[in-house]
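The residues making up each chain are set out below.
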Amino acid sequence: IAVQVGDLLKYDSTINDINRIAKALFQFPFETFPNDSITSSRAKLIHDWILSLARQKMELTGRNRMLSEFCLKISPQSHHDKLSMILAENNVNSPSRENYELFSRRGLHHQVSLHSKKLFLEGNYFHAVFEASKAYNFEVKNKAQSMKDGQALMLEVWSPEKGTLKLNLCRTETERNIQDGIKFLSAGLMQAIRNPTAHEPALTWPIGRDECLDILSFISFLFHQLDKATYYKSAT
């Protein structure tokens, strides 16, 4: 595992990042292990940190969890699939593998995946939700060309009467109901999800894995509505 992971990430991780992440995760000293076949200094550093972990006396489950977390944190998202394969092929029961499968099955909008996938795979559900919420707010502001933010932004730009983002012509009662619904759902996301995650500590406002997936699916739905919306320049 040490050799395979080091070879995979030798061009995508910096020495400073590898050491910073390892020292934050591991409460044991770094050791070096001779291996003349490794010529990359970054690959050798990854190799030695993983073997230093292997030397520690601890339960297998805890070791596997730390190994998985270390590998994910030092790698770009594009390598997560390959990392999961390496761990599985070496009989490491990686918690990230189950999370990867759960996340992938949802078929989430690409913006949710971009901002939240790595955090979700690491088990950081609170910040996965926070980042997706912020991303939706950011993309709505850009498309609507508005200076407002949060709930006020959503109530204004999705308004059936004077909003700049329209899902339809808002002529019939059904069309206005749909437009109003997205307005209030978007405003609710800001009030119920984004604002609490922005102001409350993660320890006092915990978000579990299943709840996180449900919220990310909701945000994904709103992103798809935003994709379908047409911009109308405000008359005022």
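Each remark here, short or long, concerns the structure printed above.
Computed from a predicted model, the values in this text were never measured in an experiment. (Residues numbered from 1 in each chain as written. Predicted model: local features only at pLDDT ≥ 70, side-chain atom pairs only at ≥ 80, totals over all residues. Heavy atoms only, no water.)

## Thoughts on the overall build of the chain
So, point 1. Helices and strands together make up the secondary structure of the chain, namely 11 helices and 2 strands.
So, point 2. Helices and strands in the chain line up, N terminus first, as α-α-α-α-α-α-α-α-α-β-α-α-β.
So, point 3. What you see for the chain is a C-alpha radius of gyration of 22 Å, clearly larger than the 18 Å of a compact globule of 236 residues, by over 25%.
So, point 4. For the chain, the spread of C-alpha atoms along the three principal axes comes to 75 × 35 × 30 Å.
So, point 5. Once local pairs closer than 6 in sequence are excluded, the contacts in the chain between residues at least 24 apart make up 66%.
So, point 6. As displayed, the chain offers around 12,700 Å² of accessible surface, 52% of which is attributable to carbon and sulfur atoms.
So, point 7. The average position of the 29 basic charges and that of the 26 acidic charges among the side chains of the chain differ by 3 Å. (Helix = DSSP H or I, 4+ residues; strand = E, 2+ residues; numbered from the N terminus. Rg over C-alpha atoms; globule rule 2.2 N^0.38 Å. Contact = heavy atoms within 4.5 Å. Areas by Shrake-Rupley, 256 points an atom, 1.4 Å probe, with all protein chains shown as cover. Lys, Arg positive; Asp, Glu negative; His and termini not counted. Charge placed at Lys NZ, Arg CZ, Asp CG, Glu CD.)

## Section: unusual backbone geometry
So, point 1. Phi is positive for Gln-145, close to 55 degrees, though the residue is something other than glycine.
So, point 2. Inspection of the secondary structure assignment puts Gln-145 in the loop between α8 (125-144) and α9 (150-157).

## Quick notes on the environment of Asp-36
So, point 1. Following the sequence through the fold, Asp-36 ends up in the loop between α2 (15-25) and α3 (41-54).
So, point 2. We classify Asp-36 as exposed; its relative accessible area is 79%.
So, point 3. For Asp-36 and Leu-185, which are 149 residues apart along the polypeptide, the C-alpha to C-alpha distance reads 59 Å. (Buried < 20%, exposed > 50% of the residue type's maximum accessible area, 1.4 Å probe, protein only.)

## Side note on the packing of α8 against α9
To describe two helices that pack against each other, one gives the angle between their axes and the distance between the axes.
So, point 1. α9 packs onto α8 with a crossing angle of 40 degrees between their chain directions and a minimal axis gap of 11 Å. Considering their axes alone, α8 and α9 lie oblique with respect to each other. Two packed elements cross with a definite hand, and for α8 against α9 that hand is left-handed. Residues Tyr-136, Asn-137, Val-140, Lys-141 and Ala-144 of α8 touch α9, and the partners they reach there are Gly-150, Leu-153, Met-154 and Val-157.
So, point 2. When the residues that make up the contact of α8 with α9 are grouped by side-chain class, the tally is 6 nonpolar, 2 polar and 1 charged. (Axes fitted to C-alpha atoms, helices over the stretch in contact; angles between N-to-C directions. Parallel < 35°, antiparallel > 145°, perpendicular 65-115°, else oblique. Left-handed = near helix turned anticlockwise from the far one by under 90°. Nonpolar A, V, L, I, M, F, W, Y, C, P; charged D, E, K, R; others polar.)

## Quick notes on the nonpolar core
So, point 1. Residues Tyr-136, Val-140 and Trp-158 are the most contacted members of the largest nonpolar core, which totals 38 residues.
So, point 2. Counting residues per element, this core draws most heavily on α8, at 9 residues.
So, point 3. Not counting residues up to four positions away in its chain, the partners in contact with Trp-158 are Tyr-136, Val-140, Leu-165, Leu-167, Gln-179, Ile-182, Lys-183, Ser-186, Gln-225, Leu-226 and Ala-229. (Core = buried A, V, L, I, M, F, W, Y, C linked by side-chain atoms within 4.5 Å.)

## Some details on the packing of aromatic side chains
So, point 1. Applying the stated criterion across every chain yields a total of 9 aromatic pairs.
So, point 2. Ring centres 5.5 Å apart and planes at 45 degrees place the aromatic pair Phe-103 and Phe-120 in the tilted group. On the criterion of sequence distance, the pair formed by Phe-103 in helix α6 (residues 95-105) and Phe-120 in helix α7 (residues 110-121) is long-range, its members being 17 residues apart.
So, point 3. According to the relative accessible area criterion, Phe-103 is buried, its value standing at 5%.
So, point 4. The class for Phe-120 is buried, based on a relative accessible area of 0%. (Phe/Tyr/Trp six-rings, centres within 6.5 Å; stacked < 30°, edge-to-face > 60°.)

## Regarding the pattern of salt bridges
Where charged atoms from two side chains of opposite charge approach closely, those side chains can pair.
So, point 1. Under the counting rule described, the total for this entry stands at 10 salt bridges.
So, point 2. With its nearest N and O atoms 3.4 Å apart, the salt bridge here joins Asp-214 to Arg-106. You can see Asp-214 sitting in helix α11 (residues 209-228) and its partner Arg-106 sitting in the loop between α6 and α7, a full 108 residues away along the chain.
So, point 3. Asp-214 gets classed as partly exposed once you look at its relative accessible area, which sits at 46%. (Salt bridge = Lys/Arg side-chain N within 4 Å of Asp/Glu carboxyl O.)

## Focus on the side chain of Asp-48
So, point 1. As for its position among the elements, Asp-48 is in helix α3.
So, point 2. In this view, Asp-48 contacts Phe-30, Glu-31, Thr-32 and Phe-33; residues no more than four positions away in its chain are not counted.

## What to know about α9
So, point 1. Burial in α9 covers these residues: Gly-150, Leu-153, Met-154 and Val-157. For α9, the arc enclosing every buried residue in end-on projection is 95 degrees, short of the 170-degree limit, so these residues lie on one face.
So, point 2. Where the residues of α9 are buried, they touch α8, β1 (165-166) and α10 (173-199). (Arc of directions from axis to C-beta.)

## Considering the packing of α7 against α8
So, point 1. Relative orientation of the contacting elements α7 and α8 amounts to 165 degrees, with a least axis distance of 8 Å. Looking at the two axes, α7 sits roughly antiparallel to α8. Read as a crossing pair, α7 and α8 show a hand that is right-handed. Residues Gln-111, His-115, Ser-116, Leu-119 and Phe-120 of α7 form the contact with α8, whose own contacting residues are Tyr-125, His-127, Ala-128, Glu-131, Ala-132, Ala-135 and Glu-139.
So, point 2. Split into classes, the residues belonging to the contact of α7 with α8 amount to 6 nonpolar, 4 polar and 2 charged.

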